[in-house]
Amino acid sequence: MALTSAAEEHPYRHLIDQLSDDGSLKFFNPHKLNDPRYAKLPLSIRVLLEAAIRNCDGFYVTEEDVQNILDWKKRQASAEVPFSPARVLLQDFTGIPAMVDLAAMRDAVVKHGVDPSLVNPKCPTDLIVDHCLQIDYSKCAIQNAPNPGGGDGGSRPTPSKPLPRGGSHCAGQRSACRKAACNDTPSSMGGRPHASVQQIENTPLLCPFHLKPVSEADTSVKNQEMELSRNKERLQFFKWCSKAFKNVNVIPPDVGAVHQVNLEYLSRVIQVRDGLIYPDSVVGTDSHTTMINGLGILGWGVGGIESEAVMLGQPVSLTLPQVVGCKLMGSINPLSTSIDVVLGITKHLRQAGIAGRFVEFFGPGVSHLSAPDRTTIANMCPEYNATVSFFPVDQVTIKHFKKTHFSQEKLKLLESYLKAVKLFRSYGDPAEDPQYSEVIEINLSSMVPHVSGPKRPQDRVAVCSMKEGFQSCLDEKLGPRGFNISKDKQDVRVPFLHAGEEYQLAHGSVVIAAVISCTNNCNPSVMLTAGLLAKKAVQAGLTVKPYIRTSLAPGSGMVTHYFNASGVLPYFSQLGFEVIGYGCATCVGNTAPLPESVVNAIKQGDLVACGVLSGNRHFEGRLCDCIRANYLASPPFVVAYAIAGTVGIDFDKEPLGVTSAGKELYLRDIWPSREEVQQTEEDAVISSVFKDLKARMEKGNTFWNNIECPESVVFPWDAKSTYIRSPSFFSKLSKEVTPPQSIENAHALLFLGDKVTTDHISPAGSIARVSAAAKYLLSKRLTPREFNSYGSRRGNDAVMTRGTFASIKLQNRLVGKAGPKTLHVPTGQTGVRAVIAESFERLHKKQLVGMGILPLQFAPEHNADTLELGGTERFSVSLPRRLAPNQQLTVKTSNGKSFVVTAQLDNNQDVLFLQQGGLLRYVAQTML
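Criteria and cut-off values
- Residues numbered from 1 in each chain as written.
- Predicted model: local features only at pLDDT ≥ 70, side-chain atom pairs only at ≥ 80, totals over all residues.
- Heavy atoms only, no water.
- Helix = DSSP H or I, 4+ residues; strand = E, 2+ residues; numbered from the N terminus.
- Buried < 20%, exposed > 50% of the residue type's maximum accessible area, 1.4 Å probe, protein only.
- Contact = heavy atoms within 4.5 Å.
- Areas by Shrake-Rupley, 256 points an atom, 1.4 Å probe, with all protein chains shown as cover.
- Salt bridge = Lys/Arg side-chain N within 4 Å of Asp/Glu carboxyl O.
- Pairing = 2+ DSSP bridges.
- Axes fitted to C-alpha atoms, helices over the stretch in contact; angles between N-to-C directions.

1. With respect to the overall build of the protein chain
And step 1. Per the secondary structure count, the protein chain includes 29 helices and 31 strands.
And step 2. Residues classed as buried in the protein chain amount to 54% of the 928 residues present.
And step 3. The contacts in the protein chain between residues at least 6 apart in sequence include a share of 74% that link residues at least 24 apart.
And step 4. Approximately 40,600 Å² of the protein chain is accessible, and the part contributed by carbon and sulfur atoms is 50%.

Quick look at the structure:
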């Protein structure tokens with residue numbers, strides 16, 4: 001909204017306030033309502049209220065909507081309210097159909113004499129091209145894996161000597177290399193086993209499935225070249241969109257994943273547009289959109305049609321949510337890592353039963369959480385079924401932004417505005433605490449570190465109980481946890497020689513220790529805790545016994561980068577944790593052999609020796625057939641147990657080691673504080689990540705920069721393209737609106753059971769060779785290796801209509817077995833008019849209405865089984881000339897049955913969309 005003459009007609013113009021002395025910056029200040037209810041609203045609801053006040057136009061947003069939000073305490077979970085977010089976030093799979101629709105709309109309006117350049121998103125839209133990359137090349141060799149390349153292996157090189165300490169292995173995955181990418185001949189696709197293949201010094205890295213040389217430095221470059229070549233048509237279209245449409249910002253490939261770019265570059269906290277300041281907010285088509293709530297920016301995920309609605313100026317409709325206040329109390333256990341805290345909070349919220357609600361954090365414990373901690377917790381929303389997990393902005397957030405792309409001037413403006421509208425929190429002041437639907441209190445001190453094992457990841461044991469826990473495993477009979485070691489053999493000690501020195505092994509001795517930064521341990525603070533612990537241990541004179549097989553496998557080069565920047569990498573190396581490479585290693589069983597003397601000692605004493613690793617797989621015998629106990633631990637505890645040399649230690653009561661001067665050192669003596677870790681993370685990780693991302697954003701990549709795209713206002717569709725195609729639903733567009741007709745004698749297309757997901761309806765994965773979509777692509781003279789995926793071809797409605805309900809797991813009761821099949825009943829009509837279901841997810845319901853399809857819901861006491869519907873009947877639904885929200889209708893079947901359903905149209909906006917044939921047709925007809 002621009003502050004022009006339109007503002008003079010605004011029903012809440014009296015709330016406009018000035019933030020700058022010269023009057024150049026203004027804002028709607030809900031605090032000026034002088035309503036005591038505002039100060040008691042949860043801060044996430046205050047964001048909804050500000051958006052409703054600012055966008056109040058009497059149609060999409062009414063004064064009644066504003067009052068409903070202000071009266072949240074009474075109207076929660078009942079009133080339907082609109083929300084107009086500040087921006088839309090798209091990834092390329094969901095972004096391309098949205099952009100194709102807009103391009104097609106330009107074609108439609110120009111035929112009626114309307115200027116096509118008027119068709120643009122009204123809401124600023126960021127589209128991140130991050131879903132194109134496939135692994136065509138891999139830089140790892142393989143060990144003890146089947147030979148997918150064929151042949152007898154006789155001509156392949158065998159290692160002249162075993163791998164040195166720190167050697168690299170990776171099992172890889174069969175899909176990691178494409179046949180064409182490695183220029184295989186047809187005869188190379190046999191299936192016979194071959195001998196173990198290891199990386200040999202001074203030999204090139206190999207493609208893991210065809211054993212062809214691939215230069216390590218060129219691996220990522222080659223994958224990017226394949227990505228850009230394969231998706232050239234799509235990228236040309238995206239580049240045209242970035243130039244042709246206003247309010248569209250395209251982030252090219254090779255910049256970053258959508259949720260990371262959103263966090264690291266697109267997040268603004270406040271928006272400034274046409275002299276008006278307001279809170280940043282976002283809806284996105286990526287499941288990780290909720291991460292942004294950790295930075296005080298309200299946002300959640302929506303479907304493709306709903307995102308298009310927002311792009312075109314329509315608000316999101318939602319039931320005024322209940323807000324659960326999550327009060328964090330106490331202080332974090334000194335030995336607990338960020339992962340312990342995140343998983344602990346997630347566990348509490350999952351048990352609380354908060355599905356569909358907002359969660360808002362408050363209490364003095366919030367200040368102990370860093371910005372990355374908060375975004376990780378917010379990202380876990382799907383794990384506890386919340387819509388958002390909101391962390392209002394505080395001084396920790398401001399400190400984080402000082403390390404990012406925010407200027408000092410922007411930070412000052414941000415803080416001034418948030419304080420003026422009461423969106424800034426001081427968690428130490430209980431007087432600021434809002435009212436909530438309910439309050440869940442979590443004591444952070446209760447979140448003690450755990451490890452998992454000794455055989456299964458679900459068997460967790462607190463570190464403080466580890467010594468007793470391992471003892472109980474020795475005592476228990478053989479089973480998921482027990483080893484059945486008799487009492488008289490539990491104290492056995494076996495001496496052995498290694499590198500000329502004598503050592504002893506016992507039950508619980510650690511012989512493998514692997515720090516891996518994959519999956520749950522990719523959080524920088526956890527890895528930095530391990531690095532700082534290693535540094536303090538070396539400085540204190542502690543060592544790791546040389547017979548322990550130690551390794552460090554970073555999940556990406558970025559981890560090595562911030563290890564270098566923080567200065568901890570040399571200390572890792574001094575303890576034996578050297579970087580072995582980037583890929584799956586220890587957790588898939590690819591570890592170098594243990595020293596023979598160690599193996600002999602384990603066998604001699606029938607010892608339960610241990611491996612400790614920070615990966616996510618540790619089944620018995622996987623690391624080494626002579627290691628019977630394996631524990632998953634966070635990276636710093638891998639280091640700690642490696643120094644201790646045993647899992648049978650109570651870190652609180654027993655020293656970790658003894659210095660050369662004879663001083664006993666406990667783990668608490670060298671464990672880095674959270675403040676030290678967070679400061680190192682801010683200095684070594686966040687600032688460098690943002691600096692690197694900004695450089696890549698500004699520079700782009702050569703391929704993207706060199707892509708040529710049309711300069712036309714309307715897109716010149718290529719009839720031969722199998723990626724981009726103009727959809728046909730604008731073909732009958734006219735100025736006169738034809739109201740929806742009653743449904744007469746319609747047949748059921750599908751008869752489905754419970755829990756039908758979007759994956760069943762519109763798969764995004766690979767295109768099966770026997771599918772309808774594959775037949776279409778074959779008719780276009782494409783080979784199966786050129787099919788790409790459904791997600792990449794969402795810009796072609798001819799592929800996607802053939803991919804609808806193409807899931808191989810679809811259970812269609814008309815057919816009786818799983819698969820993308822149905823019973824063909826000629827009707828003389830085309831298209832789906834209505835969907836009848838027991839219940840709808842809000843997202844799916846809105847998608848149907850947005851496409852002009854009527855969602856009908858059975859009465860609570862009825863369903864297809866109670867009504868004895870077989871699915872082969874003909875169905876008729878009489879529609880009144882004027883539909884109303886949530887109107888009851890009668891369905892009649894050809895065998896004489898009738899039943900009542902409710903039209904799932906939540907408001908007049910839904911009715912309007914349905915009458916106009918869907919959202920896109922409504923917008924186009926409005927322009928006409």
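2. Notes on the pattern of salt bridges
And step 1. All chains considered together, the criterion is met by 26 salt bridges.
And step 2. Ionic pairing is found between Asp-394 and Arg-374, a salt bridge with its closest N-O pair at 2.8 Å. Taken together, the positions of Asp-394 in the loop between strand E14 (388-390) and helix H13 (395-401) and Arg-374 in helix H11 (residues 371-379) put the pair 20 residues apart, joining distant regions of the chain. Neither residue differs from the other here; Asp-394 and Arg-374 are each classed as buried.
And step 3. One salt bridge in this structure joins Asp-433 and Arg-425, with 2.9 Å as the shortest N-O distance.
And step 4. Here Arg-425 falls in the buried class, since its relative accessible area comes to 3%.
And step 5. Salt bridges here are not isolated pairs; linked through shared partners, they connect Lys-845, Lys-846, Asp-906 and Asp-910.

3. Looking at the sheet that holds strand E4 (residues 87-91)
By definition, the strands of a sheet pair up through backbone hydrogen bonds, in either a parallel or an antiparallel sense.
And step 1. Taken together, the five strands give an open sheet; going across it, the order is E6-E5-E4-E9-E10, and neighbouring strands pair in parallel fashion. Only two strands of the sheet have a single partner each, and these edge strands are strand E6 (248-251) and strand E10 (298-301). Within the sheet, the average angular offset between the axes of one strand and its neighbour, ignoring direction, is 20°.
And step 2. Where E4 and strand E9 (residues 281-284) come together, three bridges link them in parallel fashion. Paired with Arg-87 across the strands is Val-282, a residue of E9.
And step 3. Where helix H5 (residues 92-110) meets the sheet, it contacts E4, strand E5 (125-128) and E6, and its direction lies at approximately 115° from that of E4.
And step 4. Together, E4, E5 and E9 form the strand contacts of helix H9 (residues 304-311), whose direction differs from that of E4 by roughly 140°.

4. Some details on helix H27 (residues 842-850)
For an α-helix the count is 3.6 residues per turn, leaving residues at separations of three or four pointing the same way.
And step 1. Three or more residues of H27 are buried, namely Lys-845, Lys-846, Gln-847, Leu-848, Val-849 and Gly-850.
And step 2. Considering only its buried residues, H27 is in contact with H9, strand E11 (316-319), strand E27 (834-837), strand E28 (854-858), helix H28 (908-915) and helix H29 (919-927).
And step 3. Immediately beyond the C-terminal end of H27, within one or two residues, lies Gly-852, with a positive phi of roughly 80°.

Treat this as a map of the structure, not an account of what it does.
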